[in-house]
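# Architecture and fold: a report
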Amino acid sequence: MVNVRFVRELCSLMSENPVPRPKFSISSLKEALRIFRFILPYRWQFIIGLVLLFISSGVFMIFPFGIGLMLDVAQGKVRPD
């Protein structure tokens, strides 16, 4: 099934006369929050997945930070403690 909003947005980006964005309303917020009714039976898996996502993101950000510190020390910009 083709998502009509996606196609309309894609066509507006490609054309010279873009389609105006829809206005934010309470009904659109309620429609967006319907996803949480789907997630409700899987809430613990969802929470565990988010925690693991944050942990893995943090671990992968530590390596460039550590390499940057090592390069600063090697170039003499920072004194090692």
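Residues numbered from 1 in each chain as written. Predicted model: local features only at pLDDT ≥ 70, side-chain atom pairs only at ≥ 80, totals over all residues. Heavy atoms only, no water.

Looking only at helices and strands, the protein chain features 4 helices and 0 strands. Counting from the amino terminus, the protein chain carries its helices and strands in the arrangement α-α-α-α. Classification of the 81 residues of the protein chain by burial places 2% in the buried group. Of the roughly 8,300 Å² of accessible surface on the protein chain, 71% is carried by carbon and sulfur atoms. (Helix = DSSP H or I, 4+ residues; strand = E, 2+ residues; numbered from the N terminus. Buried < 20%, exposed > 50% of the residue type's maximum accessible area, 1.4 Å probe, protein only. Areas by Shrake-Rupley, 256 points an atom, 1.4 Å probe, with all protein chains shown as cover.)

This structure, assessed with the given rule, holds 1 aromatic pair. Centroid distance Phe38 to Tyr42: 5.9 Å. Interplanar angle 50°. Geometry classified as tilted. A relative accessible area of 56% places Phe38 in the exposed class. The class for Tyr42 is partly exposed, based on a relative accessible area of 46%. (Phe/Tyr/Trp six-rings, centres within 6.5 Å; stacked < 30°, edge-to-face > 60°.)

Attention shifts here to the pattern of salt bridges. Side-chain pairs of opposite charge can arise where the charged atoms are in close proximity. Enumeration according to the criterion identifies 1 salt bridge in this entry. Put simply, Glu31 and Arg5 hold a salt bridge, and the shortest N to O gap is 3.5 Å. Here Glu31, found in helix H2 (residues 26-33), pairs with Arg5, found in helix H1 (residues 4-14); they are 26 residues apart in sequence, far enough to count as distant. (Salt bridge = Lys/Arg side-chain N within 4 Å of Asp/Glu carboxyl O.)

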